[in-house]
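Close look at the chain arrangement
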Amino acid sequence: MVELEIDGKKVEVAEGSLVMEAAQKLGTYIPHFCYHRKLSIAANCRMCLVEVEKAPKALPACATPVTPGMKVFTNSEKAVKAQKSVMEFLLINHPLDCPICDQGGECQLQDLAVGYGGSESRYKEEKRVVFHKNVGPLISMEEMTRCIHCTRCVRFGQEVAGVMELGMLGRGEHSEITTFVGQTVDSELSGNMIDLCPVGALTSKPFRYSARTWELARRKSVSPHDGLGANLVVQTKNQRVMRVVPLENEDINECWISDKDRFAYEGLNSADRLTRPMLKQGGEWMETDWQTALEYVANGLASIKRDHGADQIAALASPHSTLEELFLLGKLVRGLGSDNVDFRLRQSDFSAALKGAPWLGMPVADVSTLQRALVIGSSLRKDHPLLASRLRQAVKKGTRVAVIGAGGEDLLMPVAARINAAPSGWTAALAGVARAVAAAKGVTAPAGTEGFDGGDAAKAVADMLLSGERRAVFLGNEAVRHPQFSSLHALAQWIASETGATLGFLTEAANTVGGYVAGALPQQGGANAQAMLDAPRRAYIVLNAEPEFDAADGRKALAALNQAGTVVVLSPFRSEAALQYADVILPVAPFTETAGTFVNAEGKAQSFNGVVRALGESRPGWKVLRVLGNLLEVPGFDFDTAEAVRDAALARPVAEQLNNSTDAPIRVTAAAANGVERIADVPIYHADPIVRRADSLQLTAAARRAMQVSLSSDLFAKLGVQAGDPVRVMQDGASVVLPAALEATLPANTVRVPAATEAAVTLGALFGNVTVEKAIDLPAGNNAAATATA
């Protein structure tokens, strides 16, 4: 520790700390623009100049290390004169357009100009002009003349997002921030640059010119879009969500949020929002009142139970629902005598004997301290953008990461070892790693892995896991959705045990862990999500889900729902499919309009309140389920508040229910030797109903890629296609035509047709063999079909 003095106050900080950090510890504010505690030191704005005893000139507090006995003066005549000179320099070319600037009212330059700016400028020459740039649908760079070249955005891209999408060109007053030769900014974390910009150079395109900052009310909330449970500040005006920004929480999301968390709010007010209950009568939809709709639902469910038995009632829920909603849904279904309730809609293998709720296996913050990590079956950047960022920061400090999967995703960080295999080869690849671990330790390999030696790649993964300390083996969303999930789980458990690693799950949604805690899954031998669709029921309750997009087989889900006699949909939105298969649609409030709780990947329950009134006549989902329980005379539905429901759901502590162990046997199969396999990851901006309706997110490059078929290099060459050529993909008797794209990192004989899209609904199951054809242009009038087939 080093002791120094700042403005006459003594403070002790760690050796190597900066004067800026010492001042912050004291609570002394030093003006600054380019400094940010999460970014590297640039010291290029010079606004933080302070006087240091015995130094010949003022020094930047953000780049000056502390020394024993140092005396710093932040408000001396010398320091203030230096700071005012810097402010005059920064304002030379800055436009005086605060009244029309979107940053007005929350601008650091505006704030500091009050204290350090002059009443008039001595600069009389013409100001420079920087032409605007189009960098995509999320960030506006239309006013780059305002830029003060702090380079926060550049450093964020390089150091946190992992990709340098913005950089600086030119020198002196000709400097400007820009992208490379007209490229767009496509990082899944790009919106954080808007928060970092201290002026109005980078602003939010969706929010631009829609409200002034002083008109907005601010409320805390929690993101429903992935398993992290990022903390949010939701800003509202006139009972409408206008903007979402991060709420700092070092243990979870630090001071960042993903673009999915930031811009998905547009979906809350989409044209699909329901405002009144709807009934289908004689094939026609009509709006009705709540009493009529709820009595219709209660009578319908009671009739199904009476005439066909309780087992003909099933419930499908989204893991993006709140803990309270999932708890009451399970309680309602079981109160009717059925146990057919599930939220694991995209899972297809339920043979794994789970001993508890699968979770991350550690606090989120501990991911940053890992030294070794093996990630199995995960589109890490798409599914968990902020966890990917934490791993990226850890790699900079020496962490080594290995990956097993089919995507070949660029993690924007060095990968120590990678096994790229088609989905049918994942168990064989993991068995090879297990055998390599066994050989290195001199122990017996697990039964069932005989003959599956993975070669040098498996040995590299094993050697990495057996070195270092603080190791983890993570199973991602694609591993959980895999048809051989139970074997992948058992193999990962064995590898983690033998290497001293922690086994963890990178959970899919905000309440994946909460679904287990709430009991929204079969508990007494009921049907799981797959069984409910394989053997269709007569009545379905669908909560916050669109099964055609959210189920493991969207085509099968549609068939099951269309044949049912009664389908009750509780959702904030109407969809074209729901209008076909539903009989009743009840408008329930999204997370911004209801109180609730999400249990994130680390098992932390985070409660939140609604930030605006429910739209129209929509109601909180837990209230709708409570009233249904009362109408059906199910005992135990006398809850008055969301807090009472939460307390009942959390009667048993979450920590006691977390368990990643399994007793499933290991069954390894060789990778398919022939045929073309489908890879069906869930695109980042198609993960849930709210995100799918966010217009700006659907204009991004990531959303456009979800509408293509990505081909491996061998298939691309075999078919003789060019990027954008129409390609027909056929699976189980169905076909779709999509534009082709080359994805060189895909394993041989694989194609990526993403899940949760219209094409995926047509094709069906997320895994399996497909046939790929390219249509060949024919002379006009020739209607023969000519194809080149792989």
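Residues numbered from 1 in each chain as written. Predicted model: local features only at pLDDT ≥ 70, side-chain atom pairs only at ≥ 80, totals over all residues. Heavy atoms only, no water.

Focus on the pattern of salt bridges
Taken as a whole and judged by the stated rule, the model has 39 salt bridges. Two residues, Glu176 and Lys133, come together in a salt bridge whose shortest N-O distance is 3.0 Å. Placement of the pair is Glu176 in strand 9 (residues 176-178) and Lys133 in strand 6 (residues 133-134), with a sequence separation of 43 residues. Judged by relative accessible area, which is 25%, Glu176 ranks as partly exposed. Notably, a salt bridge pairs Asp534 with Lys556, separated by 2.5 Å at the nearest N-O pair. Of this pair, Asp534 sits in helix 16 (residues 529-534) while Lys556 sits in helix 18 (residues 554-563), placing them 22 residues apart in sequence. Judged by its relative accessible area of 42%, Asp534 is partly exposed. (Salt bridge = Lys/Arg side-chain N within 4 Å of Asp/Glu carboxyl O. Helix = DSSP H or I, 4+ residues; strand = E, 2+ residues; numbered from the N terminus. Buried < 20%, exposed > 50% of the residue type's maximum accessible area, 1.4 Å probe, protein only.)

Section: the pairing of strand 20 (residues 417-420)
Of the two faces of strand 20, the one holding Ala417 and Ile419 is buried and the one holding Arg418 and Asn420 is not buried anywhere. Across four bridges, the pairing between strand 19 (residues 400-405) and strand 20 is parallel. Within strand 20, the position partnered with Ile404 by the bridge is Ile419. (Pairing = 2+ DSSP bridges.)

Focus on empty space enclosed by the protein
Under the definition given, this model contains 10 cavities of 30 Å³ or more. Lining the largest cavity are 25 residues, and of these Arg344, Gln347, Val480, Glu508 and Thr512 lie nearest its centre. Taken together, the elements giving at least two residues each to the lining of the largest cavity come down to helix 13 (477-481) and helix 15 (512-518). Per-element accounting of the lining of the largest cavity gives the leading share, three residues, to helix 13. Looking at the lining of the largest cavity residue by residue, the classes come out as 13 nonpolar, six polar and six charged. Of the pockets and cavities examined, the second largest cavity occupies roughly 190 Å³. In terms of lining residues, the second largest cavity is bounded by 17 residues, among which His320, Asn544, Pro590, Phe591 and Ile690 are the most central. In the lining of the second largest cavity, the residues fall into nine nonpolar, six polar and two charged. Two domains each put at least three residues into the lining of the second largest cavity: domain 1 (276-348 + 511-648) and domain 3 (674-772). (1 Å grid on protein atoms, 1.4 Å probe; cavity = no way out; pocket = protein on both sides within 12 Å on 5 of 7 lines; lining within 4 Å. Points joined across faces, edges and corners; volume = space filled by probe spheres on them. Nonpolar A, V, L, I, M, F, W, Y, C, P; charged D, E, K, R; others polar. Domains from an automatic or database assignment.)

Remarks on the UniProt feature "domain: 4Fe-4S Mo/W bis-MGD-type" (unreviewed entry) in the protein
As annotated in UniProt, the feature "domain: 4Fe-4S Mo/W bis-MGD-type" (unreviewed entry) corresponds to residues 216-272 in the numbering used here. Here residues 216-272 is 9% helix and 35% strand, with 25 Å between the C-alpha atoms at its ends. (UniProt positions renumbered as here; feature names shortened; annotations may be inferred.)

Considering the sheet that holds strand 16 (residues 313-317)
The strand order 15-14-25-24-23-16-17 describes an open sheet built from seven strands, whose pairing is mixed. Because the sheet does not close on itself, it has two edges, and the strands there are strand 15 (284-287) and strand 17 (341-342). The pairing of strand 24 (residues 566-571) with strand 25 (residues 584-587) spans four bridges and is classified as parallel. Counterpart to Ser571 in the pairing with strand 25 is Pro587. Lying on the sheet, helix 8 (residues 323-335) is in contact with strand 16, strand 17 and strand 23 (539-543); it crosses strand 23 at an angle near 170°. (Contact = heavy atoms within 4.5 Å. Axes fitted to C-alpha atoms, helices over the stretch in contact; angles between N-to-C directions.)

A closer look at the sheet that holds strand 10 (residues 203-204)
Taken together, the three strands give an open sheet; going across it, the order is 6-7-10, and neighbouring strands pair in antiparallel fashion. The open sheet terminates on both sides in strands that have one partner only, identified here as strand 6 and strand 10. Examined bridge by bridge, strand 7 (residues 139-141) and strand 10 share two bridges and lie antiparallel to one another. Looking across to strand 10, one finds that Ile139 is bridged to Ser204.

Regarding the domain arrangement of the protein
For the protein, the assigned domains read domain 1 (276-348 + 511-648), domain 2 (362-503) and domain 3 (674-772). Between domain 1 and domain 3, the residue contacts involve 17 residues of the former and 21 residues of the latter. The junction of domain 1 with domain 3 conceals about 1,400 Å² of combined surface from both sides, 57% of it contributed by carbon and sulfur atoms. One salt bridge in this structure joins Glu546 and Arg693, with 2.6 Å as the shortest N-O distance. Those elements that provide at least two residues to the side of domain 1 that touches domain 3 are helix 17 (547-550) and helix 18. Partitioned by chemical class, the residues of the side of domain 1 that touches domain 3 number six nonpolar, four polar and seven charged. (Buried area = accessible area lost by both parts, 1.4 Å probe.)

Here we look at the layout of surface pockets
For the largest pocket, the calculated volume is near 860 Å³. Looking at the largest pocket, it is lined by 34 residues, and the ones nearest its centre are Gln108, Ile194, Asp195, Leu196 and Pro246. If you list the elements that add at least two residues to the lining of the largest pocket, you get helix 5 (192-196), strand 10, strand 12 (231-237), strand 13 (240-246) and helix 6 (259-263). Each residue belonging to the lining of the largest pocket can be placed in one class, and the counts come to 15 nonpolar, 10 polar and nine charged. Approximately 700 Å³ is the volume found for the second largest pocket. For the lining of the second largest pocket, the secondary-structure elements that each account for two or more residues are helix 9 (380-383) and helix 24 (701-705). For the lining of the second largest pocket, the per-class residue count stands at eight nonpolar, six polar and 11 charged.

Here we look at unusual backbone geometry
Positive phi is not limited to glycine here, since Thr151 has a value of about 65°. Note that Thr151 resides in the loop between strand 7 and helix 4 (152-161). Not every positive phi belongs to a glycine, and Leu412 is a case in point at roughly 60°. The residue Leu412 is located in the loop between strand 19 and strand 20 in this model. Note on Leu412: relative accessible area 18%, which makes it buried.

What to know about the packing of aromatic side chains
Taken as a whole and judged by the stated rule, the model has five aromatic pairs. Consider the rings of Phe485 and Phe505, whose centres lie 6.2 Å apart with planes at 75°: the pair is edge-to-face. Of the two residues, Phe485 is situated in helix 14 (residues 485-499) and Phe505 in strand 22 (residues 502-505); the sequence distance between them amounts to 20 residues. The residues Phe485 and Phe505 share a single accessibility class, namely buried. For the cation-ring pair, Arg243 lies above Phe207, with the distance from its terminal atom to the ring centre recorded as 4.3 Å. (Phe/Tyr/Trp six-rings, centres within 6.5 Å; stacked < 30°, edge-to-face > 60°. Lys NZ or Arg CZ within 6 Å of the ring centre and 35° of its normal.)

Section: the pairing of strand 21 (residues 471-475)
Counting buried residues in strand 21 gives five out of five residues, a clear majority hidden from the surface. Taking every second residue as pointing to the same face, both faces of strand 21 are buried, with Arg471, Val473 and Leu475 on one and Ala472 and Phe474 on the other. Across four bridges, the pairing between strand 21 and strand 22 is parallel. Note that in strand 22 the partner of Val473 across the bridge is Leu503.

Considering the packing of helix 2 (residues 77-90) against helix 3 (residues 108-116)
Between helix 2 and helix 3, the shortest axis-to-axis distance is 10 Å and the interhelical angle comes to 130°. On the basis of the axis angle, helix 2 is oblique to helix 3. The two elements helix 2 and helix 3 cross, and the hand of that crossing is left-handed. Seen from helix 2, the contacting residues are Gln83, Lys84 and Met87; seen from helix 3, they are Leu109, Leu112, Ala113, Gly115 and Tyr116. (Parallel < 35°, antiparallel > 145°, perpendicular 65-115°, else oblique. Left-handed = near helix turned anticlockwise from the far one by under 90°.)

Thoughts on the UniProt feature "domain: 4Fe-4S His(Cys)3-ligated-type" (unreviewed entry) in the protein
Taking the numbering used here, the UniProt-annotated feature "domain: 4Fe-4S His(Cys)3-ligated-type" (unreviewed entry) corresponds to residues 78-117. The annotated region residues 78-117 carries 55% helix and 0% strand content, and the separation between its end C-alpha atoms amounts to 16 Å.

What about the side chain of Ser190?
Residue placement: Ser190 occurs in the loop between strand 9 and helix 5. A polar atom in the side chain of Ser190 sits 2.6 Å from the side chain of Asp259. Sequence-distant contacts of Ser190, defined by excluding residues within four places in its chain, comprise Leu138, Ile139, Val185 and Asp259. (Polar contact = N/O pair within 3.5 Å; in protein donor to acceptor, adjacent residues only side chain to side chain.)

Side note on the environment of Asn562
With respect to the helices, strands and loops of the structure, Asn562 is situated in helix 18. The sequence separation of Asn562 and Arg626 amounts to 64 residues, and the corresponding C-alpha distance is 27 Å. When near neighbours in sequence (up to four residues on either side) are disregarded, Asn562 contacts Gln580 and Tyr581.

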